[in-house]
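For reference, the chains in residue letters:
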Amino acid sequence: MVDDAATARRYLTRAKEVRAIAEAVTERKSRVILLRIAADYERMARLRVRVGKADRVMVGTTPELQHRQ
């Protein structure tokens with residue numbers, strides 16, 4: 001992928017923003033929904049990093065594989 005770390009940081013920033021909004025919401029149902037969205041953004045960030053690492057391993061561009069060649 002283009003830039004896994006930057007994408008992951010954007011997702012984490014969104015999660016933080018959504019959590020801040022959730023704190024300001026008084027209606028319980030809406031707050032729960034917003035907190036789930038924030039958790040989803042955090043999961044997407046973790047997956048983006050994991051998938052990016054797997055992509056680099058598959059094409060042989062990880063530092064570990066470069067040293068072996």
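Please refer to the structure placed before this passage.
The model shown is predicted, which means the values in this text are computed figures rather than measured ones. (Residues numbered from 1 in each chain as written. Predicted model: local features only at pLDDT ≥ 70, side-chain atom pairs only at ≥ 80, totals over all residues. Heavy atoms only, no water.)

**Q** Summarise the overall build of the protein; cite the residues concerned and give the values.
**A** If you tally the helices and strands in the protein, you get 3 helices and 0 strands. Ordered by position in the sequence, the α and β elements of the protein form the string α-α-α. Here the protein, with 69 residues, has 22% of them falling under the buried criterion. Contacts in the protein between residues far apart in sequence, at least 24 positions, make up 44% of those at least 6 positions apart. (Helix = DSSP H or I, 4+ residues; strand = E, 2+ residues; numbered from the N terminus. Buried < 20%, exposed > 50% of the residue type's maximum accessible area, 1.4 Å probe, protein only. Contact = heavy atoms within 4.5 Å.)

**Q** So what about the environment of A6? Which residues, and what values?
**A** Within the element layout of this structure, A6 appears in helix α1 (residues 4-24). Residue classification places A6 among the buried positions, given a relative accessible area of 15%. Considered as a pair, A6 and A45 are 39 residues apart in the sequence and their alpha carbons are 9.5 Å apart.

**Q** I'd like a description of the nonpolar core, backed by residues and values.
**A** By size, the foremost hydrophobic cluster in this structure holds 6 residues: A15, V18, A22, V25, L34 and A38. Of all the secondary-structure elements, those providing two or more residues to this core are α1 and α2 (28-59). The dominant element in this core, judged by the number of residues it contributes, is α1, at 3 residues. In this structure, A15 is in contact with A38, Y41 and E42, ignoring residues within four places of it in sequence. (Core = buried A, V, L, I, M, F, W, Y, C linked by side-chain atoms within 4.5 Å.)

**Q** Talk me through the packing of aromatic side chains; I want residue IDs and the actual numbers.
**A** For the structure shown, the criterion picks out 1 aromatic pair. Ring centres of Y11 and Y41 lie 6.2 Å apart, and the angle between their planes is 35°; this geometry places the pair in the tilted category. Here Y11 is found in helix α1, whereas its partner Y41 is found in helix α2, with 30 residues between them in sequence. (Phe/Tyr/Trp six-rings, centres within 6.5 Å; stacked < 30°, edge-to-face > 60°.)

**Q** How would you summarise the environment of E17 if you had to cite specific residues and measurements?
**A** In this fold, E17 is placed in helix α1. Taking the C-alpha atoms as reference, E17 lies 8.2 Å from A38; in sequence the two are 21 residues apart.

**Q** Tell me about α1, and name the residues and values.
**A** A turn of α-helix holds 3.6 residues, and therefore any two residues three or four places apart point the same way. End to end, α1 covers 31 Å across 21 residues, agreeing with the expected 30 Å (1.5 Å per residue, within 8%). By the burial criterion, the buried members of α1 are D4, A6, T7, A8, A15, V18 and A22. (Expected span 1.5 Å × (residues − 1).)

**Q** Tell me what's going on with the side chain of R48, and back it up with residues and numbers.
**A** Turning to its location among the elements, R48 is positioned in helix α2. A polar contact of 2.8 Å, which involves the side chain of R48, links it to the side chain of D4. (Polar contact = N/O pair within 3.5 Å; in protein donor to acceptor, adjacent residues only side chain to side chain.)

Distances and angles like these do not, on their own, reveal function.
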